[in-house]
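Chain by chain, the residues run as shown.
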Amino acid sequence: MKLIIAIIQDKDSNRLSSALVKENYRATKLASTGGFLRAGNTTFMIGVDDHQVDGVLNIIRNSCKVREQLVTPVTPMSGTTDSYLPLPVEVQVGGATVFVLPVDRFEHF
Amino acid sequence: MKLIIAIIQDKDSNRLSSALVKENYRATKLASTGGFLRAGNTTFMIGVDDHQVDGVLNIIRNSCKVREQLVTPVTPMSGTTDSYLPLPVEVQVGGATVFVLPVDRFEHF
Amino acid sequence: MKLIIAIIQDKDSNRLSSALVKENYRATKLASTGGFLRAGNTTFMIGVDDHQVDGVLNIIRNSCKVREQLVTPVTPMSGTTDSYLPLPVEVQVGGATVFVLPVDRFEHF
Ligand code: NI
Ligand code: NI
Ligand code: NI
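What you are looking at is a predicted structure, and each value in this text was computed from that prediction instead of being measured.

Undergrad: Describe in detail the overall build of chain A, supporting the description with residues and values.
TA: For chain A, the helix and strand inventory stands at 2 helices and 7 strands. The order of α-helices and β-strands along chain A, N terminus first, is β-α-β-β-α-β-β-β-β. Across the 109 residues of chain A, 45% fall into the buried class. Within chain A, contacts between residues separated by at least 24 positions form 70% of all contacts whose residues are at least 6 apart in sequence. Carbon and sulfur atoms make up 52% of the accessible area of chain A, which amounts to about 6,000 Å² in all.

Undergrad: Describe the side chain of Lys29(A), naming the residues involved and giving the relevant values.
TA: Mapped onto the elements of the fold, Lys29(A) is located in strand β2 (residues 27–33). Put simply, Lys29(A) is tucked away with no salt bridge, and the nearest opposite charge, on Asp10(A), sits 9.2 Å away. Discounting residues that sit within four places of it in the chain, Lys29(A) has contacts with Ser13(A), Ser17(A), Thr42(A), Thr43(A), Phe44(A), Ala31(B), Ser32(B) and Thr33(B).

Undergrad: Pulling in residues and values, what's your account of the interface of chain A and chain C?
TA: Listed by partner, the interface residues are 27 residues for chain A and 22 residues for chain C. Interface of chain A and chain C: buried area, both sides summed, is about 2,000 Å²; carbon and sulfur atoms make up 63% of it. One can count 2 salt bridges joining chain A with chain C. The salt bridge involving Arg105(C) is made with Asp54(A); its shortest N-O contact spans 3.0 Å. Looking at the side of chain A that touches chain C, the elements that each hand over two or more residues are β1 (2–9), β2, β3 (40–48), α2 (53–64) and β6 (96–102) of chain A. With 7 residues, the single largest contributor to the side of chain A that touches chain C is β6(A). Looking at side-chain class alone, the side of chain A that touches chain C contains 15 nonpolar, 8 polar and 4 charged residues.

Undergrad: Can you lay out the confidence of the model for chain A for me, pointing to particular residues and giving the numbers?
TA: Of the residues in chain A, 84% have a pLDDT of 70 or more, and the chain-wide mean is 86. Under the prediction, the complex receives an ipTM of 0.83, its pTM being 0.84.

Undergrad: Now, about the relation of the copies chain A and chain C: what can you tell me, with residues and values included?
TA: The operation linking the two copies of the chain is a rotation about an axis combined with a translation along the axis. When chain A is fitted onto chain C, the two copies agree to an RMSD of 0.1 Å after a turn of 120° and an axial shift of 0.0 Å. One copy is carried onto the other by what is essentially a three-fold rotation axis. Take the interface residues of chain A: only 15% of them recur as interface residues in chain C, which is what a contact between different surfaces looks like.

Undergrad: Would you mind going over empty space enclosed by the protein in detail, with residue names and values included?
TA: Here the structure, examined in full by the defined rule, presents 2 cavities of 30 Å³ or more. Looking at the largest cavity, its volume works out to about 60 Å³. If you go around the largest cavity, you meet 13 residues; those closest to its centre are Ile5(A), Met45(A), Ile5(B), Met45(B) and Ile5(C).

Undergrad: So what's going on with the packing of helix α1 (residues 13–22) of chain C against helix α2 (residues 53–64) of chain C? Which residues, and what values?
TA: Residues and elements named next belong to chain C. Where α1 meets α2, the closest approach of the two axes is 9 Å, and the angle between their N-to-C directions is 145°. Crossing hand, α1 versus α2: right-handed. Across the interface between the two elements, Arg15, Leu16, Ala19 and Leu20 of α1 pack against Val56, Ile59, Ile60, Ser63 and Cys64 of α2. A per-class count over the contact of α1 with α2 returns 7 nonpolar, 1 polar and 1 charged.

Undergrad: Talk me through α1(C); I want residue IDs and the actual numbers.
TA: Residue and element names in this part refer to chain C. Of the positions making up α1, those classed as buried are Ser13, Leu16, Ser17, Ala19 and Leu20. Looking straight down α1, one finds that the buried residues subtend no more than 165° of arc, so they occupy a single side. Across α1 from its buried face, at more than 90 degrees, point the exposed residues Asn14 and Lys22. Against β1 (2–9), β2 (27–33), β3 (40–48) and α2 lie the buried residues of α1. Two residues or fewer past α1, asparagine 24 is found with a positive phi of approximately 70°.

Undergrad: For the packing of aromatic side chains, give the residues involved together with the corresponding values.
TA: Counting across every chain of the model gives 3 aromatic pairs over all chains. Geometrically, the ring pair formed by Phe106(A) and Phe99(B) is tilted, given 5.2 Å between the ring centres and 40° between the ring planes. Placement of Phe106(A) in strand β7 (residues 105–108) and of Phe99(B) in strand β6 (residues 96–102) is noted, with the two residues assigned to different chains. On the accessibility criterion, Phe99(B) (4% relative accessible area) is buried.

Thresholds applied
Starting afresh in each chain, residues are numbered from 1 along the sequence in its written order. Note on labels: chains are lettered from A, ligands numbered from 1, in written order. It should be noted that, the model being predicted, local features are given only for residues of pLDDT at least 70 and side-chain atom pairs only at 80 or more, the latter also being counted only at that level, while totals for whole chains, interfaces and linings use all residues. The side-chain quantities take in all heavy atoms of the structure and omit both hydrogens and water. The numbering of helices and of strands both runs from the N terminus, where a helix is a DSSP run of H or I of at least 4 residues and a strand a run of E of at least 2. Think of it in three bands: with a 1.4 Å probe and only protein chains considered, a residue is buried below 20% of the maximum accessible area for its type, exposed above 50%, and partly exposed in between. Contacts were defined at the residue level, with two residues in contact if any of their heavy atoms lie within 4.5 Å. In this description, accessible areas are obtained by the Shrake-Rupley approach with a 1.4 Å probe, and a residue is regarded as covered only by the protein chains that are shown. Neither His nor the chain termini are counted; the positive set is Lys and Arg, and the negative set is Asp and Glu. Here a salt bridge means any side-chain nitrogen of Lys or Arg lying within 4 Å of a carboxyl oxygen belonging to Asp or Glu. Buried area counts how much accessible surface, traced with a 1.4 Å probe, disappears from two parts once they are put together, with both parts' losses summed. We call Asp, Glu, Lys and Arg charged. Ala, Val, Leu, Ile, Met, Phe, Trp, Tyr, Cys and Pro are nonpolar, and the rest, Gly among them, are polar. For every residue, the predictor states its confidence as a pLDDT score lying anywhere from 0 to 100. Least squares is the method for superposing the copies, and the C-alpha atoms it fits come from residues with pLDDT of at least 70 in both. A pocket here means an open set of points on a 1 Å grid, computed over the protein atoms alone, that has protein on both sides within 12 Å along at least five of seven lines. A cavity is instead a set of points where a 1.4 Å probe fits but cannot get out; residues with an atom within 4 Å of a point line either one. Grid points are joined across faces, edges and corners, and a volume is the space filled by probe spheres set on the points. In this description, a line fitted to the C-alpha atoms serves as the axis of each element, helices being fitted only across the stretch in contact, and the angle between N-to-C directions of two axes falls anywhere from 0 to 180 degrees. A clockwise turn of the near helix away from the far one marks a right-handed crossing, whereas an anticlockwise turn of less than a right angle marks a left-handed crossing. Relevant arc is that of directions from the helix axis to the C-beta atoms, nothing else. Aromatic rings from Phe, Tyr and Trp, with only the six-membered ring used for Trp, were paired whenever their centres fell within 6.5 Å, and each pair was classed as stacked if the ring planes differed by under 30 degrees, edge-to-face if by over 60, and tilted otherwise.

Now the structure itself:
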């Protein structure tokens, strides 16, 4: 038995939840905020048998991997001329930090 | 030293808190949301000596065990006739998922 | 690899965050509420190499140690005479409860 603790970006939370449910894994989500760069993130706790660890890590990797995303900057709020057209820029989103913890005992009441 | 992580239903949270305080255990609560069925749940973290694990597991079992509860369905909001009387139905409430984690080191500043 | 879980008072949270960032440690914060005395507290999760544990524990001790603080009681809301001047009283603030957990595996996607 292992307890997987995965810290991911909020925007990947629904996709990861769905992917885990589809494979019959139960997860508990904790609201969390990041240290360095990440504003809003979510911490998943997933209890699994030892032989399921690699499968869950693959699900997390596929749902949350770092990728480039085109983001169109928000237009400045006022005082701008109509001739200004914001261009989409590439930003890096996603990513996951994952700890696999040993579990001495697991109970389900 | 062990760190007990218990995920329980919100509605059992106060009862579990009181039961732990009565036996002089300290707990920290984290707001959490469930994966599968559970809308709102609470995650308890409780640090205990090895010989206290069984005692705390008993407290959790007694405070949070799965049981049937009679729930009267909420009356539909409008457009119903007065002749409709909602009957109470049995639903399953409670339950706890508990991980007992080994602790390498414990400090209290 | 270790996962340090530190439960501290809300009022020490910003100071601890800054101290960790300055030393290049990443932390994830979880909103939490205390069992016994503590109203609002914050749970930090910090993943570190084994040889960094003592350094991080020192940062936590320095940022969050229990100390006396002079607090001026809030003046009663109404019906008081102007001759009443609340005197500052010493209260104990700060403190940290820290668990160092072994980590079987660490991944960063
Ligand atoms: Ni179950
Ligand atoms: Ni204490
Ligand atoms: Ni990174």
